[in-house]
Amino acid sequence: SLSHHENWQPAWRNPTPKKHYDVIIIGGGGHGLATAYYLAKAFGVTNVAVIEKGYLGGGNTGRNTTIVRSNYLWDEAAHLYEHAMKLWEGLSQDLNYNVMFSQRGVLNLGHTLQDMRDIQRRVNANRLNGIDGEVLDAKQVQEIVPHMDCSANRRYPVLGASWQPRAGVARHDAVAWGYARGADALGVDLIQQTAVTDLLIEDGTCVGVKTDRYGDIKANRVGSVTAGNSSVIANMAGFELPLESHPLQALVSEPIKPILDTVVMSNHVHGYVSQSDKGDLVIGAGIDGYNGYGQRGSYPTIEHTLQAIVELFPIFSRVRMNRQWGGIVDTTPDACPIISKTPIENLFFNCGWGTGGFKATTGSGHVFAASLASGEMHPLAEPFSMFRFHSGALIDEHGAAGVAH
Ligand code: FAD
Ligand code: PYC
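Chains are numbered independently. Their residues run from 1 in the order of the written sequence. Labels follow written order: the first chain is A, the first ligand is 1, and so on. With pLDDT at 70 or above as the cut-off, local features in this predicted model cover only qualifying residues; side-chain atom pairs require 80 or more to be listed or tallied, and sums for whole chains, interfaces and linings still use all residues. Excluding hydrogens and water, the side-chain figures rest on all heavy atoms present in the structure.

### Some words on the pairing of strand E13 (residues 263–266)
When a residue's accessible area, from a 1.4 Å probe over protein chains only, is under 20% of the maximum for its type it is buried; when over 50% it is exposed; and in between it is partly exposed. Secondary structure follows DSSP: runs of H or I at least 4 residues long count as helices, runs of E at least 2 residues long count as strands, and numbering of each begins at the N terminus. The alternating pattern of E13 places Val263 and Met265 on one face and Val264 and Ser266 on the opposite face, and all of these are buried. One ladder, built from 3 bridges, connects strand E4 (residues 106–110) with E13; its direction is parallel. The residue bridging Val106 from the neighbouring strand is Val263, located in E13. Two strands qualify as a pair provided that DSSP identifies no fewer than 2 bridges between them. From the end of E13 to the start of strand E14 (residues 271–275), which pair antiparallel, there are 4 residues, and His270 there has a positive phi angle of about 80 degrees.

Right, here's the structure in full:
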């Protein structure tokens, strides 16, 4: 408005919901919006509603630190995240919307001999799966990040890192808005400020949802994509999920001149940092240890996070922090998501992405859309069934999850 740009057209409609949809998606975060977009674009299912209790992208999608990578250890996870990575690589063109996907590379640092052995193993596994990756020594890391303290006399000296050059960051709000605009243009109804308060279940089959604003809305299939609130929706259906909801915090500093042109993550010192295009340092670390649904965190975690960053970058010790916030992440026992049918017919869940789902927004939406369209799980989603917690076929990705929990 300062430059007198007026009469901007809304990017999507604000429709009153119909009485019945082929598919209802609960949750208008990135994953829910991507699911709706691919349902319409890739699978021809356009009679779709996304029901969001707040505003689109206001959950974890708008609160994360935007790191995108696919360097997971196990085949099942590596295939899923690499599917997502390939979709990221064409996303701005596909949506005709600049999601500012920047493949500036991600370093996962190693500080002990065991860290380096784990890195070697993970990079080998990645390469066998066709995923780019290299093992770097401390000198090579220092060349990529000249301002990081890689000296041998640090408390936790940097011994090396894994390096994924195709990894990077994207603008999280733009991802939500791009998918929302694309889905709306294909006929999907985006219903904001409307909470799902119950599920309509008849004879073990889900036939719709109850909302606080529009009453009952019927559907052939319902997909829950509600991240930290997934246990609450599961409770409505009468089953439990192996999820813990935790706060995860992030911080941004005052904008400073360009100083860091890649992403640095350290599981050992336990912090990570990148620099946004605006100049802010974007910083995070681990979850707050307690369970809760408040989108804020505790002070000790902030202190711990900044200790880790200053340990790696003493040069940042006097940079001032501008803002701090929290999201609610849904962590699973094996640090892998749940993309699954449920004990209720026609009710599907996509959740459990915990601290690491932003990078998967594209691929998660695509495979979930395929599953909702056909009624059968997409092959890439198959291993992530909720029933793996009964069968024991866990996919332990704690080591590659990026944020310890
Ligand atoms: P959300 O964006 O949370 O969307 C779920 C939506 O469901 C919300 O909008 C919510 O309002 C809605 N909802 C809930 N209940 C109801 C209801 N009853 N009725 C209607 N709507 C409902 N991942 C990465 O890959 N890289 C990172 O760098 C990264 N950093 C992170 C940093 C932080 C601080 C946080 C909090 C998370 C981070 N993550 C990261 C994780 C990532 O943000 C999430 O895994 C991902 O955004 C989940 O997307 P989503 O669409 O499933 O969830
Ligand atoms: O999964 O890469 C990740 C991540 C970074 C910060 C939070 N999660």
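Now that the structure has been shown, the text picks up again.
### A word on the confidence of the model for the protein chain
Averaged over every residue, the pLDDT of the protein chain is 97; residues scoring 70 or more account for 99%. Reported confidences for the modelled complex are a pTM of 0.98 and an ipTM of 0.99. A residue's pLDDT is the confidence the predictor assigns to it, expressed on a 0 to 100 scale.

### Remarks on the pairing of E4
In terms of burial, E4 is a largely internal element, 5 of the 5 residues being buried. In E4, alternate side chains face the same way, and those of Val106, Asn108 and Gly110 on one face and Leu107 and Leu109 on the other are all buried. Here 5 bridges tie E4 to strand E6 (residues 160–164), and the two strands are oriented antiparallel to one another. Along E6, the bridge assignment pairs Leu107 with Trp163.

### Considering unusual backbone geometry
Phi at Asp203 is positive, roughly 50 degrees, even though this residue is not glycine. Its location among the elements puts Asp203 in the loop between strand E9 (196–202) and strand E10 (205–211). Judged by relative accessible area, which is 83%, Asp203 ranks as exposed. Positive phi, normally seen in glycine, also occurs at His270, with a value near 80 degrees. Inspection of the secondary structure puts His270 in the loop between E13 and E14.

### Structural notes on the layout of surface pockets
Considering only enclosed or pocket space, the second largest pocket measures out at about 550 Å³ in volume. Taken together, 22 residues make up the lining of the second largest pocket; nearest its centre are Thr66, Arg171, His172, Ser276 and Val282. Put simply, the parts of the chain that give the lining of the second largest pocket at least two residues each are helix H6 (172–185), E14 and strand E16 (321–331). A per-class count over the lining of the second largest pocket returns 6 nonpolar, 8 polar and 8 charged. Lining residues are defined by having an atom within 4 Å of a point belonging to a cavity or pocket. Those points lie on a 1 Å grid over the protein atoms alone, cavities being sets where a 1.4 Å probe fits but cannot get out and pockets being open sets with protein on both sides within 12 Å along at least five of seven lines. Grid points are joined across faces, edges and corners, and a volume is the space filled by probe spheres set on the points. Under the grouping applied here, Gly and all other residues not named as nonpolar or charged are polar, the nonpolar ones being Ala, Val, Leu, Ile, Met, Phe, Trp, Tyr, Cys and Pro and the charged ones Asp, Glu, Lys and Arg.

### A look at the packing of aromatic side chains
When two rings of Phe, Tyr or Trp (its six-membered ring) have centres within 6.5 Å they constitute a pair, described as stacked for plane angles under 30 degrees, edge-to-face for angles over 60, and tilted for the intermediate range. A full pass over the atoms with the stated rule returns 9 aromatic pairs. Residues Tyr38 and Tyr179 carry aromatic rings whose centres are separated by 5.6 Å and whose planes lie at 65 degrees to one another, so their mutual orientation is edge-to-face. With a gap of 141 residues between them, Tyr38 in helix H1 (residues 30–43) and Tyr179 in helix H6 connect regions that are remote in the sequence. Aromatic pair Phe239 and Phe349: ring centres 5.7 Å apart, planes at 70 degrees, arrangement edge-to-face. Of this pair, Phe239 sits in the loop between helix H7 (230–237) and strand E12 (244–253) while Phe349 sits in strand E18 (residues 347–351), and the two are 110 residues apart along the sequence. The rings of Tyr37, Tyr38 and Tyr179 are connected pair by pair, giving a single aromatic cluster.

### Topic: H1
In an α-helix, one turn spans 3.6 residues, which is why side chains three or four residues apart end up on the same side. Taking 1.5 Å per residue, 14 residues should reach 20 Å; H1 reaches 18 Å between its end C-alpha atoms and fits that length. Along H1, 11 of the 14 residues are buried, which leaves the element largely enclosed by surrounding structure. Of the residues making up H1, those classed as buried are Gly30, His31, Gly32, Leu33, Ala34, Thr35, Ala36, Tyr37, Tyr38, Leu39 and Ala40. With its phi angle positive at about 70 degrees, Gly44 sits one or two positions after the end of H1. What a helix is expected to span follows from its residue count: subtract one and scale by 1.5 Å.

### Some remarks on the site of ligand 2
The immediate surroundings of ligand 2 are formed by Thr65, Ile67, Arg69, Met265, Tyr272, Thr355, Gly356, Lys359, Ala401 and Val403. The term polar contact refers here to a pair of N or O atoms within 3.5 Å; inside protein, the definition further demands a hydrogen-donor-capable atom paired with an acceptor-capable atom, and it admits residues adjacent in sequence only when both atoms are side-chain atoms. Here Thr355 contributes a backbone N or O atom positioned 2.7 Å from a nitrogen atom of ligand 2. Lys359 places a polar side-chain atom, nitrogen or oxygen, 2.5 Å from an oxygen atom of ligand 2. Out of a free accessible area of 240 Å², ligand 2 has 96% covered by protein chains. Each residue belonging to the shell around ligand 2 can be placed in one class, and the counts come to 5 nonpolar, 3 polar and 2 charged. Throughout, the term near means that a residue has one or more heavy atoms lying within 4 Å of the molecule or strand in question. Exposure was quantified through the Shrake-Rupley algorithm and a 1.4 Å probe, taking into account, for residues, occlusion by the shown protein chains and nothing else.

### Description of the environment of Met85
Examined against the element boundaries, Met85 turns out to sit in helix H2 (residues 75–89). The exposure class assigned to Met85 is buried, which follows from its relative accessible area of 0%. Throughout, a residue-residue contact means that at least one pair of heavy atoms, one from each residue, lies within 4.5 Å. Those residues in contact with Met85 that sit more than four places away from it in its chain are Val68, Arg69, Ser70, Phe101, Gln103, Gln164, Arg166 and Ala167.

### Quick word on the environment of Thr65
Here Thr65 shows up in the loop between strand E2 (48–51) and strand E3 (67–68). Residue Thr65 is classed as buried on the basis of its relative accessible area of 9%. Between the C-alpha atom of Thr65 and that of Ser276, which follows or precedes it by 211 residues, the distance is 9.6 Å. Look past the residues within four positions of Thr65 in its chain and what remains in contact with it is Val169, Ala250, Tyr272, Val282 and Ile283. Side chain to side chain, Thr65 and Tyr272 meet in a polar contact 3.0 Å long.

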